[in-house]
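Reading the structure
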Amino acid sequence: MESRPKLHYPSGRGRMESIRWTLVATGVEFDEEFLETRDQLQNLQDGNHLLFQQVPMVEIDGMKLVQARTVLHYIAEKFHLFGNDLKEKTLIDMYVEGTLDLLEMIIMHPFLKPDNKKKSIVSMTQKAVFRYFPVFEKILRQTFFIGSQLSLEDVILIQTILALEELLPNIPASFTHCQGYSVKISNIPTIKKFLVPSSKKKPPPDDVYVKTVYTLLAPL
Ligand code: IBG
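Residues numbered from 1 in each chain as written. Predicted model: local features only at pLDDT ≥ 70, side-chain atom pairs only at ≥ 80, totals over all residues. Heavy atoms only, no water.

On a plain count of helices and strands, the chain comes out with ten helices and four strands. Helices and strands appear in the chain in the N-to-C order β-α-β-α-β-β-α-α-α-α-α-α-α-α. What you see for the chain is a C-alpha radius of gyration of 17 Å, in line with the 17 Å of a compact globule of 220 residues. Over its C-alpha atoms, taken along the principal directions, the chain stretches across nearly 50 × 50 × 30 Å. (Helix = DSSP H or I, 4+ residues; strand = E, 2+ residues; numbered from the N terminus. Rg over C-alpha atoms; globule rule 2.2 N^0.38 Å.)

Domain boundaries in the chain define domain 1 (6-79 + 195-211) and domain 2 (86-188). Look at where the C-alpha atoms of domain 1 and domain 2 centre, and you get two points 21 Å apart. Taken together, the contacts link 19 residues of domain 1 with 20 residues of domain 2. With both chains or domains summed, domain 1 and domain 2 bury close to 1600 Å², and 62% of this area falls on carbon and sulfur atoms. Taken together, the connections running from domain 1 to domain 2 amount to four salt bridges. (Domains from an automatic or database assignment. Contact = heavy atoms within 4.5 Å. Buried area = accessible area lost by both parts, 1.4 Å probe. Salt bridge = Lys/Arg side-chain N within 4 Å of Asp/Glu carboxyl O.)

What follows concerns helix H8 (residues 176-186). Three or more residues of H8 are buried, namely Cys-178, Tyr-181, Ser-182, Ile-185 and Ser-186. Buried residues of H8 fall within an arc of 125° about the axis and therefore sit on the same side. Seen from the buried face of H8, the exposed residues on the opposite side, beyond 90 degrees, are Thr-176 and Val-183. Against the buried residues of H8 lie helix H5 (114-139), helix H6 (152-167) and helix H9 (189-194). (Buried < 20%, exposed > 50% of the residue type's maximum accessible area, 1.4 Å probe, protein only. Arc of directions from axis to C-beta.)

This next bit is on the layout of surface pockets. Its boundaries defined by the atoms lining it, the largest pocket holds a volume of some 710 Å³. Contributions of two or more residues to the lining of the largest pocket are made by helix H1 (17-25), helix H2 (38-46), helix H3 (68-78), helix H4 (86-108) and helix H10 (207-217). Broken down by element, the residue count for the lining of the largest pocket peaks at six residues, all from H4. Looking at the lining of the largest pocket residue by residue, the class counts come to 20 nonpolar, six polar and five charged. The residues that make up the lining of the largest pocket include at least three from each of domain 1 (6-79 + 195-211) and domain 2 (86-188). The volume enclosed by the second largest pocket comes to roughly 360 Å³. For the lining of the second largest pocket, the elements supplying multiple residues, two or more each, are H1, H4, H6 and H10. (1 Å grid on protein atoms, 1.4 Å probe; cavity = no way out; pocket = protein on both sides within 12 Å on 5 of 7 lines; lining within 4 Å. Points joined across faces, edges and corners; volume = space filled by probe spheres on them. Nonpolar A, V, L, I, M, F, W, Y, C, P; charged D, E, K, R; others polar.)

Moving on, we come to the nonpolar core. If you look at the biggest cluster of nonpolar residues, it comprises 69 residues, and the most contacted ones within it are Ile-19, Phe-133 and Leu-152. Among the elements that make up this core, the one with the highest residue count is H6 (nine residues). Counting contributing residues, this core receives three or more from each of domain 1 (6-79 + 195-211) and domain 2 (86-188). Dropping the residues within four chain positions of it, Ile-19 is found in contact with Pro-56, Val-58, Ala-68, Val-71, Leu-72 and Ile-75. (Core = buried A, V, L, I, M, F, W, Y, C linked by side-chain atoms within 4.5 Å.)

Shown next, in the form of structure tokens:
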């Protein structure tokens with residue numbers, strides 16, 4: 001029997017949350033080792049467990065994978081979230097990369113200095129409203145991004161819509177198809193379970209978490 005994947009990261013969203021979402025969406029149970037001290041990170045680095053001395057790191061199928069996108073791709077391939085052929089896979093990948101560009105702005109926001117936070121909100125709003133959501137709105141008349149099955153883009157997109165909703169609730173609310181899509185995807189049983197407060201889903205970063213991450217990982 002294959003052992004459960006083990007995730008190494010602080011107990012927060014950052015670059016690990018998409019991996020949590022993707023595992024949960026496929027119904028895979030996983031364990032987590034939360035990094036709380038510099039010594040823990042140092043131990044992983046000293047033991048040559050981190051290829052580029054960075055986390056996220058995921059132990060899966062006898063490998064110690066780093067690079068968040070690589071991990072997402074591995075899970076997507078393994079659990080059939082990457083379409084049925086090379087063209088579908090490439091389409092999914094293209095949308096995922098665009099969506100992750102928007103998600104990256106949301107993820108970095110809590111770690112910015114107050115002045116940069118204001119600028120980032122302006123830029124994020126512009127890009128969400130004029131660049132990304134019009135694209136999503138066009139394709140989201142259907143239940144899934146592609147065909148009749150869940151794909152990696154669905155998982156990344158629902159995460160992004162919900163994270164943006166926490167920060168700028170009016171944006172997703174003003175795109176009708178995105179709203180309907182968000183409700184449908186949120187009702188998929190594996191995802192519904194992830195959305196309850198006791199799940200492995202991490203809350204938005206608070207000041208204590210931001211401080212911890214700064215001492216541990218220097219995100220900027
Ligand atoms: N390209 C890598 C990936 O995508 O996995 C980047 C990984 C990365 O930046 N890791 C950071 C790290 O390990 C933690 S995530 N830093 C320690 C070091 O020595 O470089 C940082 C991050 C957070 C929150 I926390 C938002 C965005 C980034």
